[in-house]
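Each chain, letter by letter, is given below.
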Amino acid sequence: MAVVSLVNPGDEKFHYSDNSHRWIPPDPDYPQEVWDEMVRQHKEKHLRPPARPRIARRSI
């Protein structure tokens with residue numbers, strides 16, 4: 001079974017136009033170590049299952 005992940009609003013900076021991950025920071029002055037950690041955390045979000053919508057229930 002294939003895992004499908006979506007590019008969410010705000011995630012554009014971590015992806016190229018083909019949706020592959022950007023391993024080099026967009027700003028050449030940005031520290032590579034910091035960028036690596038940000039990309040690692042971003043990739044972890046792809047692995048989490050999507051949150052199911054909560055259904056409000058009221059007692060009668």
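Keep in mind it's a predicted model, so treat the numbers as computed, not measured.

A. View of the overall build of the chain. Summing up its helical and strand segments, the chain has 1 helix and 0 strands in all. The 60 residues of the chain split such that 15% are buried. Intrachain contacts of the chain at a sequence separation of at least 6 include 28% that bridge at least 24 residues. Within the structure as shown, the chain displays about 5,700 Å² of accessible surface, and the carbon and sulfur contribution to it stands at 56%.

B. Spotlight on helix H1 (residues 32-47). Here H1 contains 16 residues, and its C-alpha end-to-end distance of 23 Å stays within 8% of the 22 Å for a straight helix at 1.5 Å per residue. Listed as buried for H1 are Trp35, Val39, His42 and His46. Buried residues of H1 fall within an arc of 65° about the axis and therefore sit on the same side. Facing away from the buried side of H1 by over 90 degrees, the exposed positions are Glu33 and Leu47.

Quick notes on the rules
Residues numbered from 1 in each chain as written. Predicted model: local features only at pLDDT ≥ 70, side-chain atom pairs only at ≥ 80, totals over all residues. Heavy atoms only, no water. Helix = DSSP H or I, 4+ residues; strand = E, 2+ residues; numbered from the N terminus. Buried < 20%, exposed > 50% of the residue type's maximum accessible area, 1.4 Å probe, protein only. Contact = heavy atoms within 4.5 Å. Areas by Shrake-Rupley, 256 points an atom, 1.4 Å probe, with all protein chains shown as cover. Expected span 1.5 Å × (residues − 1). Arc of directions from axis to C-beta.

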